[in-house]
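Inside the fold
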Amino acid sequence: MTLYPKLIMDALATVMYAGTKKNLVESEMVADTPSVAAPSKEGEPWRVKVVLTFPRDTDPFLKSTIKAAEAAIKYHCGQDVEVTIETEFKSAPRPEVEQLLPGVKNIIAVSSGKGGVGKSTVSANLAIALARLGYKVGLLDTDIFGPSMPKMFHVENEKPYAVHKDGRDLICPIEQYGVKLLSIGFFVSPDTATLWRGGMATSALKQLIADADWGELDYFILDTPPGTSDIHLTLLQTLPITGAVIVSTPQQVALADARKGIDMYRNEKVNVPILGLIENMSWFTPAELPENKYYIFGKEGCKQLAEEMNVPLLAQIPLVQGICDSGDAGTPAALSSDTATGLAFINLAQAVVTVVNRRNKEQPKTKIVGMK
């Protein structure tokens, strides 16, 4: 038996690549002419070496394609042929965790112990307010199962595109109101539930962080899901979070869960500084009685918790119809300084800048939580 490169190429032409639904030759995945080495002495096998090019090192079809290529060569050329298949990638590999987002100065996690306290509303308005103060801001909606940012920024129909940069294909964030924005909501149907296991959700989150062109940012805001979950652990294991702000209503039930959120970040294995608390829905002010305050969920509960936990109270945001309406309309309150709520979010952004600057002067950079 005599082997030659064309015979190897013919064998590879029978292997379909699922990524293109064409064979390896048609997909132009054979990097070079296959190498064929005859036996140097009797009894030794023929040796074949093939180099296959894949789009990226995380290609889901990589292992199955390699196995199929090896099997095809042996089927067409003989089972005793020694086959070596090497791989190369069009995209450069993802940087190590410690080298992700080199252009980002501060990473702020906005968290809450429970749902329904307005954490996403605070995240969106904080990001916009920081941008209005002249800072470069990015916002990542990390709530994989309940993304809300596309609607709040009025970009539900936008679809991020990829750019090729530094040898990698990167997702280009949507820009709106001076904020760079990414959310899993851009990639799934808004009317369909996201039924993913934990591993799929965390993998998608890592892609939104590591495989996106975030560029230079002064503040990278993370809108986290309620409670404590795999998503929070993934963030802590992927990013050196500068600090966390905890959002709560004055209600005792919400404050009890806020304590759990604070404890998660203060855990000795995590050790992320708490920048402060934000009391949302502090009081209700009806439009027809702008001077009146009705403390529906209790009075100054977050202020008392902040004193107890020895952290700053960054803001008290009133409950007004305009916040809900502006969020649903995709025009967050922070876009205007002419309203009490808009001014409250601008003041919140200024307070966050102050506590972050103080934290950076007085405390070392946060370390990424080790994988276990």
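Coordinates for the structure precede this section.
Residues numbered from 1 in each chain as written. Predicted model: local features only at pLDDT ≥ 70, side-chain atom pairs only at ≥ 80, totals over all residues. Heavy atoms only, no water.

Summed over all chains, the structure comprises 10 salt bridges. Here arginine 47 makes a salt bridge to glutamate 44, at a shortest N to O gap of 3.9 Å. On the accessibility criterion, glutamate 44 (25% relative accessible area) is partly exposed. Of the charged contacts in the structure, one is a salt bridge between lysine 260 and aspartate 257, with a shortest N-O distance of 3.7 Å. Within this pair, lysine 260 and its partner aspartate 257 are both found in helix H7 (residues 252-266), separated by three residues, close to a single helical turn. With a relative accessible area of 55%, lysine 260 lands in the exposed category. Among the ionic contacts, a cluster of salt bridges with common partners joins Glu44, Arg47 and Glu82. (Salt bridge = Lys/Arg side-chain N within 4 Å of Asp/Glu carboxyl O. Buried < 20%, exposed > 50% of the residue type's maximum accessible area, 1.4 Å probe, protein only. Helix = DSSP H or I, 4+ residues; strand = E, 2+ residues; numbered from the N terminus.)

This paragraph deals with the pairing of strand E9 (residues 168-171). As paired strands, strand E8 (residues 162-165) and E9 are joined by four bridges and run antiparallel to one another. Paired with histidine 164 across the strands is aspartate 169, a residue of E9. A loop of two residues connects E8 with E9, the two strands running antiparallel in sequence, and aspartate 166 in this loop sits at a positive phi of about 55 degrees. (Pairing = 2+ DSSP bridges.)

Time to look at the sheet that holds strand E5 (residues 82-89). Overall, mixed pairing links the three strands, which are arranged E3-E4-E5 in an open sheet. A strand with exactly one partner marks an edge of an open sheet, and here the two such strands are strand E3 (35-37) and E5. Along the sheet, successive strands turn relative to each other by an average axial angle of 15 degrees, direction set aside. Where strand E4 (residues 47-54) and E5 come together, eight bridges link them in parallel fashion. Within E5, the position partnered with valine 50 by the bridge is isoleucine 85. Sheet strands in contact with helix H2 (residues 62-77) are E4 and E5, and its direction is about 145 degrees off that of E5. (Axes fitted to C-alpha atoms, helices over the stretch in contact; angles between N-to-C directions. Contact = heavy atoms within 4.5 Å.)

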